[in-house]
Amino acid sequence: MSESEAVKRLSERRGALRADCGSCAGLCCVAPAFTKSADFAVDKPAGTPCLNLLDDFRCGIHEGLRGSGFTGCTVFDCFGAGQQVTQSTFGGRNWRDEPGLAGAMFAGLGVMRQLHELRWYLCEAVELVPDGPLRDELDAARLHSERLSDTDAAGLPDVDIAGVRQQVGDLLGRASDVVRRGFAKAPDHRGADLIEVRWRGADLRGASFRGAYLLGADLRNADLRWADLLGADLRAARLSGAKLDGALFVTQPQLTAAHGDVATSIPAGLTRPDHWSTAAKPAGSAGAAKPGQADGRACGRSSRRRPRRR
Ligand code: SF4
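The rules behind these values
Residues numbered from 1 in each chain as written. Predicted model: local features only at pLDDT ≥ 70, side-chain atom pairs only at ≥ 80, totals over all residues. Heavy atoms only, no water. Phe/Tyr/Trp six-rings, centres within 6.5 Å; stacked < 30°, edge-to-face > 60°. Lys NZ or Arg CZ within 6 Å of the ring centre and 35° of its normal. Buried < 20%, exposed > 50% of the residue type's maximum accessible area, 1.4 Å probe, protein only. Helix = DSSP H or I, 4+ residues; strand = E, 2+ residues; numbered from the N terminus. Arc of directions from axis to C-beta. Contact = heavy atoms within 4.5 Å. Salt bridge = Lys/Arg side-chain N within 4 Å of Asp/Glu carboxyl O. Axes fitted to C-alpha atoms, helices over the stretch in contact; angles between N-to-C directions. Parallel < 35°, antiparallel > 145°, perpendicular 65-115°, else oblique. Left-handed = near helix turned anticlockwise from the far one by under 90°. Nonpolar A, V, L, I, M, F, W, Y, C, P; charged D, E, K, R; others polar.

Peer 1: Explain the packing of aromatic side chains to me, please; I cannot follow it from the model alone.
Peer 2: Geometry of an aromatic ring pair is reported as the spacing of the ring centres plus the angle between the planes. With the rule as written, the count across this model stands at seven aromatic pairs. Members of the aromatic cluster, connected to one another through ring pairs, are Phe 57, Trp 95 and Phe 106. Here the basic side chain of Arg 14 rests over the ring of Trp 120, its NZ or CZ set 3.8 Å away from the ring centre. Here Lys 44 stacks its cationic end above the ring of Phe 34, 5.1 Å away from the centre of that ring.

This is how it looks when you write it as structure tokens:
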């Protein structure tokens with residue numbers, strides 16, 4: 001199987017894991033609580049619609065989220081859980097027309113999002129490892145989690161999502177070890193506090209940053225190929241000129257939360273964020289997005305640790 005075929009298959013399998021806000025009942029704009037902060041301009045209790053949510057479930061400030069104090073919304077991604085819960089689990093019904101559904105829909109979003117995020121990683125892991133028992137296990141887990149996404153509304157609360165996370169997490173760890181075994185001396189920074197670390201131009205190939213805190217890290221021109229970035233917090237990390245093609249388990253929200261430029265190489269299937277610099281700047285001048293710059297993505301909103309939401 002050629003690399004391009006693997007990339008194509010990965011893209012196809014991830015099709016259902018890409019947010020389609022137009023098919024969702026605005027669940028992520030209602031279900032969670034927001035705390036007023038640099039990422040969210042207002043306080044909002046859980047279960048209450050955001051003041052910017054329109055009657056048709058579109059965001060009234062979608063094109064200007066960053067400039068309106070709602071940057072947090074641009075770095076969240078439901079991995080397609082919103083449309084799955086709205087259209088499949090609840091058959092196109094919604095909490096606004098039927099308020100009695102609200103609690104179940106919002107709780108269902110929480111379960112479904114975790115499932116879909118795990119599916120996102122599993123799709124990638126299957127393509128990373130060679131044929132053999134581990135690949136078979138990964139594919140079985142991928143298919144199992146796909147079936148779980150079709151659980152009906154009555155059964156969704158009973159999905160053992162913690163158990164699924166544990167099982168999939170173990171599998172992904174084994175897949176990562178296989179892929180990175182050529183980098184035996186690469187550092188293991190799992191869960192490490194690396195906030196604002198200065199690793200400009202560093203050779204970080206094959207390192208593990210699983211769950212690490214890389215907020216504001218200077219990774220300009222660093223080589224992160226084959227590095228495991230699962231769940232790494234890359235908010236405001238400086239990635240100008242960095243090599244991330246081939247980095248493991250990178251998500252769109254991670255890229256969107258960071259700052260890169262046209263010279264940053266990114267993993268296949270991901271999109272260069274619109275707010276990244278369109279020019280390759282000298283390494284010393286990489287900076288943040290300009291205030292007021294529109295994000296332009298479908299409200300992709302972030303990953304595992306969305307800060308400052310209650
Ligand atoms: S995307 Fe953000 S600002 Fe827009 S309606 Fe949803 S929660 Fe509100």
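Peer 1: What am I meant to see in helix H1 (residues 3-13) here?
Peer 2: Think of an α-helix as 3.6 residues a turn; residues three or four steps apart then line up on the same face. For H1, the full list of buried residues reads Ala 6, Arg 9 and Leu 10. For H1, the angular spread of the buried residues around the axis is 100°, confining them to a single face. Facing away from the buried side of H1 by over 90 degrees, the exposed positions are Ser 4, Lys 8 and Glu 12. Where H1 is buried, its residues contact helix H4 (102-128) and helix H5 (133-148).

Peer 1: Explanation requested: the pattern of salt bridges in the structure shown.
Peer 2: Counted according to the given criterion, the structure contains 19 salt bridges. Taking the shortest distance from any N to any O, the salt bridge between Glu 137 and Arg 174 comes out at 2.9 Å. Here Glu 137 is found in helix H5, whereas its partner Arg 174 is found in helix H6 (residues 161-179), with 37 residues between them in sequence. Judged by its relative accessible area of 36%, Glu 137 is partly exposed. A salt bridge links Asp 233 to Arg 235; its shortest N-O distance comes to 2.6 Å. A relative accessible area of 6% means that Asp 233 is categorised as buried. The structure contains a network of salt bridges with shared partners spanning Arg 9, Arg 13, Glu 127, Asp 131 and Arg 135.

Peer 1: Honestly, the packing of helix H3 (residues 81-89) against H4 in this entry has me stumped. Any pointers?
Peer 2: Angle between the axes and distance between the axes are the two parameters that describe a pair of packed helices. Two elements in contact, H3 and H4, have axes separated by 8 Å at closest approach and are oriented at 125°. Relative to H4, the element H3 is oriented oblique. Two packed elements cross with a definite hand, and for H3 against H4 that hand is right-handed. Contacts between H3 and H4 involve Ala 81, Gly 82, Gln 84, Val 85, Thr 86 and Thr 89 from the former and Met 105, Gly 108, Leu 109, Met 112, Arg 113 and His 116 from the latter. Its residues placed into classes, the contact of H3 with H4 shows five nonpolar, six polar and one charged.

No statement about biological role is implied by the geometric values presented.
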